[in-house]
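Listed below are the residues making up each chain.
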Amino acid sequence: MDDATLSMFITGFALFAFVISGWATFWIWRARRSGWSRLAASYGAPMRRDSMARRWLSLQFKPSKVHYPKLITARLTVDGLYLVPNLLCRFGHDPLMVPWTDIEIFAIETYPADRLYDLQFAKEANVRMRVGVTMAQFIRRAADNSVYFAEEHTVHANAGETNATATARVRGTHQVA
């Protein structure tokens, strides 16, 4: 290998490393600016693949106005709402598992054809997540629909509790406005 080829190889590798580090730095900064890192400190969770994923969802953080267009994957479990950005945008974004008891959904009046919803979290009241109708319906269906939980997940009864009581306990742990 001559000097020109070696120099071109080293330059290409350095440029590639610079682009990757710039990409990672941008997403880490974005996680801190949006409020995702504050939510991750309270609701951080390991990766989960135990329920059906809903991909390419959009959300916007308030009050920072950082938007994640079609970058979020959501999973609905008995325990709560699981959120994670797509693989290429995951730098600095730990997966979130927000229990149903910590989520409140508020309808926001906007244009008549385009209603938005804000999710507010019990542990991080200053961070709100604005979602569209599709994601809000997805969350409400999972939180309200006991059939979803009965078909997809097993509800474990505590000591001295019947299965019907345990199912009612799990169903009643969410707050939907």
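Every chain is numbered independently, its residues counted from 1 as its sequence is written. Local features in this predicted model are restricted to residues whose pLDDT is 70 or higher, and side-chain atom pairs enter the listing and the counts only when it is 80 or higher, whereas totals over whole chains, interfaces and linings include all residues. Only heavy atoms go into the side-chain values, all of them from the structure, while hydrogens and water stay out.

1. Here's the deal with the pairing of strand 3 (residues 80-85)
And step 1. Exposure is judged per residue with a 1.4 Å probe applied to protein chains only, and the accessible area is read against the type maximum: over 50% gives exposed, under 20% gives buried, and values in between give partly exposed. Counting from the N terminus, the helices are DSSP H or I runs at least four residues long and the strands are E runs at least two residues long. Extensive coverage of strand 3 is indicated by the burial of six of its six residues.
And step 2. Being paired, for any two strands, means DSSP has found at least two bridges between them. As defined by bridge partners, strand 2 (residues 67-76) adjoins strand 3 across five bridges and the pair is classed as antiparallel. When the sheet's bridge partners are listed, Ala74 is paired in strand 3 with Leu83.
And step 3. Hairpin geometry of strand 2 and strand 3 is characterised by an intervening segment of three residues between the two adjacent antiparallel strands.
And step 4. Across four bridges, the pairing between strand 3 and strand 4 (residues 96-99) is antiparallel. Within the sheet, the bridge partner assigned to Tyr82 lies in strand 4 and is Met97.

2. A closer look at the packing of helix 1 (residues 3-34) against helix 2 (residues 36-43)
And step 1. Closest axis-to-axis distance for the helix 1/helix 2 pair is 4 Å, and the angle between their directions is 75°. Classified by the interaxial angle, the pair formed by helix 1 and helix 2 is roughly perpendicular. Contacts from Ala31, Arg32 and Ser34 of helix 1 reach helix 2 at Trp36, Ser37 and Arg38.
And step 2. The classification used treats Ala, Val, Leu, Ile, Met, Phe, Trp, Tyr, Cys and Pro as nonpolar, Asp, Glu, Lys and Arg as charged, and all other residues, Gly among them, as polar. For the contact of helix 1 with helix 2, the class distribution of residues is two nonpolar, two polar and two charged. Every axis corresponds to a line fitted to the C-alpha atoms, with the helix fit spanning only the stretch in contact, and the corresponding angles, defined between N-to-C directions, vary from 0 to 180 degrees. Reported orientations rely on four angle classes, namely roughly parallel under 35 degrees, roughly antiparallel over 145, roughly perpendicular from 65 to 115, and oblique for the rest. Contacts are assigned to residue pairs with any non-hydrogen atoms lying within 4.5 Å of each other.

3. Some words on the environment of Arg128
And step 1. Summarising the element assignment, Arg128 is placed in strand 7 (residues 128-131).
And step 2. With sequence-adjacent residues up to four places away left out, Arg128 is seen in contact with Gln60, Phe61, Lys62, Phe106, Asp118, Leu119 and Gln120.
And step 3. Each polar contact in these results corresponds to two N or O atoms within 3.5 Å; when the atoms are within protein, one needs to be able to donate a hydrogen and the other to accept it, and residues that are neighboring in sequence are counted only if both atoms are side-chain atoms. Among the polar contacts made by the side chain of Arg128, one reaches the side chain of Asp118 at a distance of 3.5 Å.
And step 4. There is a polar contact of 2.9 Å between the side chain of Arg128 and the side chain of Gln120.

4. Overview of helix 2
Since the α-helix turns once every 3.6 residues, residues separated by three or four places project in the same direction.
And step 1. Among the residues making up helix 2, those that are buried are Trp36, Leu39, Ala40 and Tyr43. The buried residues of helix 2 occupy an angular sector of 105° when the element is viewed end-on, so they sit on one face. Note: the arc covers the axis-to-C-beta directions of the helix.

Coordinates in, geometry out; function isn't part of it.
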